[in-house]
Amino acid sequence: MTPLALSTKDLFVRAKQGPAFRGIGLEVSVGEALAITSVGSADLSGLLEVLAGLREPDAGTVRWNRLPALDVLNDPQSGEVDRYRARRWLRQTNAFVSDSVALLNNLTVAENIALPLRYHFNAPENTVRERTETLLAELELEAHATERPAWLSIGVRRRAALGRALILEPTSLFLDAPISDIDEESAAILLSVLAKYSKATKMTTVVASFDCRRLLSLVERVLVIGEGRIVETISGGSLEETKYFERLHELHDAHREIIKTRSAPTADAAPAPTVESTQPEESETSPTPEANSASDDPPSPPEQRGN
Amino acid sequence: MANTSTQIAPPPRVQSTKAPIWLRAPLSMLRTTTYVIVLFSLVYRAFASLYWEGRRAWRLNYRVTRQQVYFTAVQSLPLTVFVAVAMGALLMHQASVVLRIWGAADLAEWLTVLVLFKEFAPLTVALVIIARSANAIVIELGNMKVNGEIRALDVLGVNIDRFVILPRLIGMVVSVVLLTIIFCGAGLWGGFYIAKWFGLLESDFLFLTLQANFTPAILINIILRAFCFGMVISSVACHHGLSVQVSPVEVPQQASQGVVRALSLCFVLNFLISVYVPTDFEL
């Protein structure tokens, strides 16, 4: 059985837009590439930040199974120094690439990529140079190595941001809409580097994107979220492009029906159609909260982190 | 008879949100105290990061500190030397000529040391640094906040206090102290010989007497002021730079607030050190 890299239990996350995520229970194996998408409005960035450990969920637990040292984060009794070191270790091992691609504009592309290595490990300059040059070559950024990010296209900047995330060879990589707004060439380079690192270092990849069209060649599973819950897991043969989009359209149509029904309720209206979920019931876990709840409050009693 | 008036009823009187006059002074003092506490906590967190982060990133920190010293001290050197020589010559001229008229010629060298070096040197250097560097730090950090670079550093696990604030604190303090010492040297030698060359000094205004009045106690007082001014300027600049939230419009607002507050705090600190830190003279 493939060991798990990441698992969540009854996750509840308040969203900046769209409904809150509730009852999110997922398991990601070591080396797996998973995409998370949504029908309708959803704060996928917020969910991804919780999965990456950048912020705490409002209820439920997230566990990074390859890193037992991080269990202190789930233990309310752990000391401040341990929690500080665990969070720092988490940031080194769980790399996160946001959609805003905030590279430091006062550093060159090469210096941006090298920054985590210089900061966390005080690495000697020849090691830093060697590692940076390797990544620049893989990401085809040698021509831009000495340029400042502000002058570069979004595709080049996304590749540089990926290089900065990969320089520490993280165990897990979380990407927020990495290729939605870039050219085909940059997207192809990104995907090939991701596939290579995923195979070579057994890196777990979790991508959040509203448009997974170009990610289908990379990922093994697509989780579809609707109304704050996981409504569908598309994997295997269903990830073939035509079948994937057919199923996605069905889910979109069902979601639109739900919205239409909710916005115009009548006394003799037919019960709202529910989006067909293929996720198995979580009978082995605590009871799930009531379905189709529009409340943004966590389920009661709210589970504390560490239970 | 029907009321044919077309007058519109006046809008309801809005309650003023300003505090009553008698409360404004205590509130202002409370805000100032809170502000000073925030600055202290910023400095504390920056130095505490030495414990939390250990030797991590010392090479990077050294590089950023060196850049800060270069920008603040080295690039301000010509202006500082020019101001020091000009002020030194002028003060020495005034002391030697005016005090003679009032029959206090023997106090000229002592007064020059007291006014020029003890009072003017650290404060003038602080003013130059606030105008040049404090503004620049607020703008730099403010733009980093707006562009999401600070958040990106946090996501990478980089301690902001260690990587962003501490090098600027240390760089600024080192720069202010160095520039103040250079100001004193330039004012002493450059001011004296320029004033002598232009015939602005009386014959009994002696360089050796001037040097003799420059006691170690005065030097320590000067360095203490420079150190405190450096801390204040850098902490105010970092605080205001990192206070920018989302809009680029906030950056110049925080920059001007930072400059005004740094100036005010430096003047207050100068007063407190002058009054409460003794320097013993021998005339």
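Rules and cut-offs
- Residues numbered from 1 in each chain as written.
- Chains lettered and ligands numbered in written order.
- Predicted model: local features only at pLDDT ≥ 70, side-chain atom pairs only at ≥ 80, totals over all residues.
- Heavy atoms only, no water.
- Helix = DSSP H or I, 4+ residues; strand = E, 2+ residues; numbered from the N terminus.
- Rg over C-alpha atoms; globule rule 2.2 N^0.38 Å.
- Buried < 20%, exposed > 50% of the residue type's maximum accessible area, 1.4 Å probe, protein only.
- Contact = heavy atoms within 4.5 Å.
- Buried area = accessible area lost by both parts, 1.4 Å probe.
- Salt bridge = Lys/Arg side-chain N within 4 Å of Asp/Glu carboxyl O.
- Polar contact = N/O pair within 3.5 Å; in protein donor to acceptor, adjacent residues only side chain to side chain.
- Nonpolar A, V, L, I, M, F, W, Y, C, P; charged D, E, K, R; others polar.
- pLDDT = per-residue confidence, 0-100.

Peer 1: How do you make sense of the overall build of chain B when you look at a structure like this?
Peer 2: In terms of helices and strands, chain B carries nine helices and zero strands. Reading chain B from its N terminus to its C terminus gives the helix and strand order α-α-α-α-α-α-α-α-α. For 283 residues, the compact-globule estimate of 2.2 N^0.38 gives 19 Å, and chain B exceeds it by more than 25% at 25 Å. Viewed in the frame of its principal axes, chain B has a C-alpha envelope of about 95 × 70 × 30 Å.

Peer 1: Teacher, can you tell me more about the environment of Tyr-70 of chain B here?
Peer 2: Residue and element names in this part refer to chain B. Mapped onto the elements, Tyr-70 comes out in helix α2 (residues 58–74). Overall, the relative accessible area of 48% leaves Tyr-70 in the partly exposed class. Sequence separation of Tyr-70 and Met-172 is 102 residues, and the distance between their C-alpha atoms is 10.0 Å.

Peer 1: Just checking my understanding: could you explain the interface of chain B and chain A for this structure?
Peer 2: For interface size, the figure often reported is the accessible area lost on association. Tallying the contact residues gives 26 residues for chain B and 25 residues for chain A. Of the roughly 2300 Å² buried at the junction of chain B and chain A (both faces included), carbon and sulfur atoms supply 53%. Summed over the three residues of chain B that lose the most area to chain A, namely Trp-52, Arg-56 and Leu-156 of chain B, the buried surface amounts to 29% of that side. Put simply, chain B and chain A have three salt bridges between them. We note a salt bridge from Arg-88 of chain A to Glu-53 of chain B, for which the minimum N-O separation is 3.1 Å. For the interface between chain B and chain A, the tally reads 11 residue pairs in polar contact (both at pLDDT 80 or more). Of all the secondary-structure elements, those providing two or more residues to the side of chain B that touches chain A are α1 (21–53), α2, α4 (108–146), α5 (149–155) and α6 (160–197) of chain B. Per-element accounting of the side of chain B that touches chain A gives the leading share, six residues, to α5 of chain B. Along the lines of polarity and charge, the residues of the side of chain B that touches chain A split into 12 nonpolar, four polar and 10 charged.

Peer 1: What is the right way to look at the side chain of Asn-94 of chain A in this model?
Peer 2: All names here are of chain A. The topology assignment puts Asn-94 in strand β6 (residues 94–97). A residue is classified by how much of its surface remains accessible, and Asn-94, at 0% relative accessible area, is buried. A polar atom in the side chain of Asn-94 sits 3.4 Å from the backbone oxygen of Ala-52.

Peer 1: Would you mind showing me how to read the confidence of the model for chain B here?
Peer 2: The predicted structure's coordinates, where accompanied by low pLDDT, should not be read in detail. In the predicted model, chain B carries a mean pLDDT of 86, and 92% of its residues have values of at least 70. For this predicted complex, the interface confidence reaches an ipTM of 0.78, while the overall pTM sits at 0.81.

Peer 1: Would you take a moment to explain the pattern of salt bridges for this structure?
Peer 2: Should the charged atoms of two oppositely charged side chains come close, the side chains can pair. If you walk through the whole model with that rule in mind, you get 20 salt bridges over all chains. With its nearest N and O atoms 3.4 Å apart, the salt bridge here joins Glu-169 of chain A to Arg-131 of chain A. With Glu-169 of chain A in the loop between α5 (154–166) and β7 (172–176) and Arg-131 of chain A in helix α4 (residues 125–138), this pair connects stretches of sequence that are 38 residues apart. On the basis of relative accessibility, which here comes to 45%, the residue Glu-169 of chain A falls in the partly exposed class. Under the relative-accessibility criterion, Arg-131 of chain A is labelled buried at 17%. For Asp-253 of chain A, the salt bridge identified is with Arg-256 of chain A, shortest N-O distance 2.7 Å. In this pair, Asp-253 of chain A and Arg-256 of chain A both sit in helix α7 (residues 241–263), three residues apart, roughly one turn of the helix. By relative accessible area, Asp-253 of chain A is classed as partly exposed at 42%. One network of salt bridges, with partners in common, ties together Glu-49 and Arg-55 of chain A together with Arg-151 of chain B.

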